[in-house]
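Letter by letter, the chains look like this.
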Amino acid sequence: MRPFSTQRVAGRRPSGVRTRVERNACAILFLLSPLKEVVSKLATPTPNPEFLRRAIVLAIQNVNAGAGGPFAAVIVRDGRIVGEGVNTVTTTNDPTAHGEVNAIRAACKSLGTFALAGCELYTSCEPCPCARACYWARIDAIYYGSSAADAARAGFDDAFLYEEFRKDQGARTLPATQLLSEEAWASFAAWIASNSKVDY
C-alpha cells in the first residue's frame, strides 16, 4: 500500500476550494480521516463473551441460592475481572443493591478508586437506571445479555422506569418538588470554597 502524501490527495477536495492553503488544509483533513478511523478502532474495547457468560452464571447461581434477583455483573479491566456483583436487594433490604451497583462497589474497592475509566461492565441484563451509576463511575462500555423488555416479561419493571425517565418531571408517577433552593445552595457554596475537596 502506497503511503499517503499531500500531493497525492491534493486533487481530492470539495468544490469551492481554490487557494493553496485551502488545498493543503483539505489534504491534511483527508490524511487524518483514515488515522481517525484507526484510533477509533483502537480506543473501542473488543467485547469478550466469556465475561458475559460469567455474569449470567452468577445471576443463575444467585436465583438458585435464594440470595436475590436474577441479575449479576462483572467489571473488567485489562482483560481481567476486577469486581463482581449480584442482586442482593431482598437479602440486604437495600433497593439500590443491584448487580451492577454491587459490581461497581467491588471494583472500586479492589482498585482503590472511585473512577472506573478503562473498565467495561458485563451484565446479565440491560441496566435499569443503574446505567446512571455506570456513567458516574466513568465506565468505558456496557455489554448486556437480556434486554429491558426481557426483564419486563419476567415481572421486573425496568421498561416502566425507562418510560418514566423519558417523561418531563411533572408527568412522572413519583412527584418531585423543589423546596428551600436558596438554603440548599449553601452546601454547593461550601464545596466551591473548600480547599480540601476531591473533584469527581
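The coordinates are above.
Just so it is clear, the structure is predicted and the values come from calculations on it, not from any experiment.

Each value, and the rule that gives it
- Residues numbered from 1 in each chain as written.
- Predicted model: local features only at pLDDT ≥ 70, side-chain atom pairs only at ≥ 80, totals over all residues.
- Heavy atoms only, no water.
- Buried < 20%, exposed > 50% of the residue type's maximum accessible area, 1.4 Å probe, protein only.
- Helix = DSSP H or I, 4+ residues; strand = E, 2+ residues; numbered from the N terminus.
- Pairing = 2+ DSSP bridges.
- Core = buried A, V, L, I, M, F, W, Y, C linked by side-chain atoms within 4.5 Å.
- Contact = heavy atoms within 4.5 Å.
- Axes fitted to C-alpha atoms, helices over the stretch in contact; angles between N-to-C directions.
- Expected span 1.5 Å × (residues − 1).
- Bend = angle between axes of the 7 residues up to and from the residue.
- Salt bridge = Lys/Arg side-chain N within 4 Å of Asp/Glu carboxyl O.

**Q** Got a sec to walk through the pairing of strand E1 (residues 72-77)? Specific residues and values, please.
**A** Across the 6 residues of E1, 5 count as buried, placing the element largely inside the fold. The hairpin turn running from E1 into strand E2 (residues 80-86), its antiparallel successor, is 2 residues long, and Asp78 in that turn takes a positive phi close to 50°. In the sheet, E1 pairs with strand E3 (residues 119-125) via 5 bridges, with the strands oriented antiparallel. Within the sheet, the bridge partner assigned to Arg77 lies in E3 and is Cys119.

**Q** Go over the nonpolar core, please, and point to the residues and values.
**A** Counting residues in hydrophobic clusters, the biggest one holds 13 residues, and the most contacted among them are Ile75, Ile104, Leu116, Leu121 and Ile139. Of all elements in the fold, only E1, helix H5 (99-111) and E3 reach the threshold of two or more residues within this core. It is H5 that contributes the most residues to this core, 4 residues altogether. Excluding residues that lie within four positions of it along the chain, Ile75 makes contacts with Arg80, Ile81, Val82, Gly83, Ala103, Ile104, Ala107, Leu116, Cys119, Glu120, Leu121 and Ile139. Membership of the second largest hydrophobic core comes to 10 residues, among which are Leu52, Val74, Tyr122 and Ala141.

**Q** Now, about the sheet that holds E3: what can you tell me, with residues and values included?
**A** Overall, mixed pairing links the 4 strands, which are arranged E2-E1-E3-E4 in an open sheet. Both outer strands of the open sheet, E2 and strand E4 (141-146), are each paired with one neighbouring strand and no more. Here the average twist between neighbouring strands, direction ignored, is 15°. Taken strand by strand, H5 contacts E1, E2 and E3, and its axis lies near 140° from that of E2.

**Q** Go over helix H9 (residues 181-193), please, and point to the residues and values.
**A** Here H9 is 13 residues long and its end C-alpha atoms lie 19 Å apart, about the 18 Å a rise of 1.5 Å per residue gives. Its maximal kink placed at Ser187, H9 deviates by approximately 25°.

**Q** Quick one: what's the story with the pattern of salt bridges, residue by residue and with numbers?
**A** Any two side chains of opposite charge can pair, on the condition that their charged atoms come close. As enumerated under the stated definition, the model contains 5 salt bridges in all. When the shortest N-O distance is used, the salt bridge between Arg53 and Glu50 registers 2.4 Å. On the criterion of helical spacing, the pair formed by Arg53 and Glu50 is a turn pair, its members being 3 residues apart in helix H3 (residues 49-64). Taking the relative accessible area as the measure of exposure, Arg53 reaches 46% and is therefore partly exposed. The closest approach of N and O atoms between Arg153 and Asp150, which form a salt bridge, is 3.2 Å. Here Arg153 and its partner Asp150 are both found in helix H7 (residues 148-153), 3 residues apart, which amounts to about one turn of the helix. For Arg153, a relative accessible area of 71% gives the class exposed.

Coordinates in, geometry out; function isn't part of it.
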